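Structural characterization, general
Spelled out from the first residue to the last, the chains are:
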Amino acid sequence: AQSVTQLGSHVSVSEGALVLLRCNYSSSVPPYLFWYVQYPNQGLQLLLKYTSAATLVKGINGFEAEFKKSETSFHLTKPSAHMSDAAEYFCAVRPMDSSYKLIFGSGTRLLVRP
Amino acid sequence: KAGVTQTPRYLIKTRGQQVTLSCSPISGHRSVSWYQQTPGQGLQFLFEYFSETQRNKGNFPGRFSGRQFSNSRSEMNVSTLELGDSALYLCASSLGAAGDSAEAFFGQGTRLTVV
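What this report covers is the structure whose coordinates are included nearby.

What counts, and at which threshold
- Residues numbered from 1 in each chain as written.
- Chains lettered and ligands numbered in written order.
- Predicted model: local features only at pLDDT ≥ 70, side-chain atom pairs only at ≥ 80, totals over all residues.
- Heavy atoms only, no water.
- Core = buried A, V, L, I, M, F, W, Y, C linked by side-chain atoms within 4.5 Å.
- Buried < 20%, exposed > 50% of the residue type's maximum accessible area, 1.4 Å probe, protein only.
- Helix = DSSP H or I, 4+ residues; strand = E, 2+ residues; numbered from the N terminus.
- Contact = heavy atoms within 4.5 Å.
- Disulfide = S-S within 2.5 Å.
- Salt bridge = Lys/Arg side-chain N within 4 Å of Asp/Glu carboxyl O.
- Polar contact = N/O pair within 3.5 Å; in protein donor to acceptor, adjacent residues only side chain to side chain.
- Pairing = 2+ DSSP bridges.

By size, the foremost hydrophobic cluster in this structure holds 26 residues, and its most contacted members are Trp35, Leu47, Leu48, Phe74, Leu76 and Tyr89 of chain A. When contributions to this core are tallied by element, the ones reaching two or more residues are β2 (10-14), β3 (19-21), β5 (32-38), β6 (44-50), β8 (64-68), β9 (73-78), β10 (87-94) and β12 (108-113) of chain A. Looking at this core element by element, the count peaks at four residues for β10 of chain A. For Tyr89 of chain A, the residues in contact, after removing those within four places along its chain, are Gln6, Leu21, Trp35, Tyr36, Val37, Leu47, Phe63, Leu76, Gly107, Thr108 and Leu110 of chain A. The next biggest cluster of nonpolar side chains, apart from the first, holds 21 residues, and it includes Val32, Trp34, Tyr49 and Cys91 of chain B.

Below, the structure written as C-alpha cells:
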C-alpha cells in the first residue's frame, strides 16, 4: 500500500529564512503528488501538484517542490518565509489510476518567528 | 466560480444519534470524496463517489455511509454516533475522469462534536 512520510511534525523558521518541508512517498510507480496547506478552522488549499510533466513544480505564494524519483521525495521549499506562511502543510499522493483516493502524510506545522 | 460548499459548518450531537453532512461540489465536477480529520489519526479517506456510484471506500465501519445525487451533490451519514467520531469532516471535489491528474478542491469542512 502507498504511504507518505513527512519528517518533522513541527518546523520553526525565522521570517525571511528558507522554508524546507520534507515529504517521502512509498510507491514502485511514481504517483501524482500534491502539497496542501491548512489554516486554522479551514479546509485544505492546494499549493502545487506533480503530474510527471516537470520535476520542478512551482505553486502559489512562492512555494515550489522538486520531484526526485531516485529518492522518492517531493520536498516543499520557499526561499523566504513570511509570517502569513504559518500553517499546517500536508503532502499527499494519488495513484495514477482511476482512483481519486488521496493518501496524506501526517502534516507539518510551520511556525514563523518574527 | 463557486467553490466546494459544506453544510453545516458546525454540529454538536449526542452519542447514539445519527448525523447527515452535505457537500455541493464545484460546478462540472463529478467526483466527490470525503475525509475525516482528527488530531490522532490525521486525514483519512472515507469514500469517493462518481456519477452517483461509490468508486472507492476507506477503512471505516458500516456506520459511515454516503450517497451522491444526479446533480453531483453528496451527503454522508454517520449512524449511532460515538465520541470518537468527533472530527473535522472534509469534502473534496474533482473532475473525476479516469486516470487524469486533476487536483481535488476541498470545502471548509464540517466540525462534528459528539458529546
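Right, picking up where we left off after that structure.
Attention shifts here to the environment of Gly3 of chain B. All names here are of chain B. Here Gly3 shows up in the segment before β1 (5-7). Taking the C-alpha atoms as reference, Gly3 lies 13 Å from Arg73; in sequence the two are 70 residues apart. Contact partners of Gly3, with chain neighbours within four places excluded, come to Ser24 and Ile26.

This part takes up the state of the cysteines. Structurally, a disulfide amounts to a covalent bond that connects the sulfur atoms of two cysteines. As enumerated under the stated definition, the model contains two disulfides over all chains in all. Disulfide pairing is shown between Cys23 of chain A and Cys91 of chain A; the S-S distance is 1.9 Å. On the sign convention where negative means left-handed, the S-S torsion of about -60° between Cys23 of chain A and Cys91 of chain A marks this disulfide as left-handed. With Cys23 of chain A in the loop between β3 and β4 (24-26) and Cys91 of chain A in strand β10, the pair connects residues that are 68 residues apart, well separated along the chain. The disulfide bridge from Cys23 of chain B ends at Cys91 of chain B, spanning 1.8 Å between sulfur atoms.

This part takes up unusual backbone geometry. With an omega of -10°, the peptide bond between Thr7 of chain B and Pro8 of chain B qualifies as cis. Along the polypeptide, Pro8 of chain B turns up in the loop between β1 and β2 (10-13). For Asn41 of chain A, which is not glycine, the phi torsion reads 60° and is therefore positive. Considering the arrangement of structural elements, one finds Asn41 of chain A in the loop between β5 and β6. Residue classification places Asn41 of chain A among the partly exposed residues on the basis of a relative accessible area of 48%. Despite not being glycine, Thr80 of chain B shows a phi value in the positive range, around 45°. The residue Thr80 of chain B is located in the loop between β8 (74-78) and β9 (87-94) in this model. A relative accessible area of 46% places Thr80 of chain B in the partly exposed class.

This next bit is on the pattern of salt bridges. All names here are of chain B. Applying the stated criterion across every chain, the model contains nine salt bridges over all chains. A salt bridge links Glu75 to Arg67; its shortest N-O distance comes to 3.2 Å. Residue Glu75 is classed as buried on the basis of its relative accessible area of 16%. Linked through salt bridges whose partners overlap, the residues forming this network are Arg63, Glu82 and Asp85.

Looking now at the interface of chain A and chain B. Residue-level contacts link 20 residues of chain A with 26 residues of chain B. Counting every contact that joins chain A to chain B gives six residue pairs in polar contact (both at pLDDT 80 or more). For the side of chain A that touches chain B, the element with the highest residue contribution is β5 of chain A, accounting for four residues.

Next up on the list: the pairing of β9 of chain A. All names here are of chain A. Most of β9 sits out of view: five of its six residues are buried. Summarising the sheet, β3 and β9 pair through three bridges and their orientation is antiparallel. In the sheet register, Leu20 faces β9, and the bridge partner there is Thr77. Note that β8 and β9 share five bridges and pair antiparallel. When the bridges of β9 are listed, Glu66 appears paired with His75. Hairpin geometry of β8 and β9 is characterised by an intervening segment of four residues between the two adjacent antiparallel strands and by a positive phi of about 45° at Thr72.

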